[in-house]
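The chain contents come next:
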Amino acid sequence: QAQSLVSVNEDPWECISGCATSGTTFLASQDYYCTEFNVGQNWAKGDNEFWHDFRDAEKTYIVGYSSCCWLQIQKQDTGLFHNPLIAMQITVDLGLRSDTGQANFPPAVGFQTTILVINGCLAAN
């Protein structure tokens, strides 16, 4: 069964630091291929990938994305809903490894498909 590409016209994946240009550099859109969904439970699961040539293998880069307003959380103390900023970042180090002296391989990154957000938690443990 073919997977559908879901176009998301929201904040893109960006190179936040370490890139050749000042400021942030566009890397890829948030578009993804829908792999599973449940209309009754109001969730969807998907994946995609992007490629970027960083050119300078001696640098460390920070790649990430931040967005708001696609997740609504109800505050326990007031009962009011708010739309928090959601951010994900990863450090990409393409330099030589200190343990082997060999170059790092291009990263492949994933995370668990279900993320539990505890209401009222200010930081991850």
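Novice: Teacher, can you tell me more about the sheet that holds strand E2 (residues 13-17) here?
Specialist: In a beta sheet, neighbouring strands pair by backbone hydrogen bonds and run either parallel or antiparallel. Taken in spatial order, the four strands of this open sheet run E3-E2-E6-E9, and their pairing is antiparallel. Both edges of this open sheet fall to strand E3 (25-28) and strand E9 (85-93), since each of them pairs with a single strand only. Between one strand axis and the next, the sheet turns through 35° on average, direction left out of account. Direction of pairing for strand E6 (residues 60-68) relative to E9: antiparallel, over a ladder of nine bridges. Its bridge partner being in E9, valine 63 is matched across the sheet by isoleucine 90.

Novice: Before we go on, may I ask you to explain the pattern of salt bridges in this structure?
Specialist: Opposite charge on two side chains makes pairing possible when the charged atoms of those side chains draw close. Tallied over the entire structure, the rule returns one salt bridge. A salt bridge links lysine 45 to glutamate 36; the nearest nitrogen and oxygen atoms lie 3.1 Å apart.

Novice: Is there a simple way to explain the pairing of E2 in this structure?
Specialist: Sheet topology note: the E2/E3 ladder contains three bridges and is antiparallel. Across the sheet, cysteine 15 pairs through a bridge with threonine 25, a residue of E3. Bridge count between E2 and E6: three bridges; the pairing is antiparallel. Bridge assignment links serine 17 to a residue of E6, and that residue is isoleucine 62.

Definitions and cut-offs
- Counting of residues starts from 1 at the beginning of each chain's written sequence and follows it residue by residue.
- Local features in this predicted model are restricted to residues of pLDDT 70 or higher, and side-chain atom pairs are both shown and tallied only at a pLDDT of 80 or more, whereas totals for entire chains, interfaces and linings draw on every residue.
- Think of the side-chain values as coming from all heavy atoms in the structure, minus any hydrogens and water.
- Here, strands pair whenever DSSP counts at least two bridges between them.
- Helix numbering and strand numbering both begin at the N terminus, where a helix is a DSSP run of H or I of at least 4 residues and a strand a DSSP run of E of at least 2.
- Fitted lines through C-alpha atoms give the axes, limited to the stretch in contact for helices. The angle between two N-to-C directions lies from 0 to 180 degrees.
- Salt bridges are counted wherever a side-chain nitrogen of Lys or Arg sits within 4 Å of a carboxyl oxygen of Asp or Glu.

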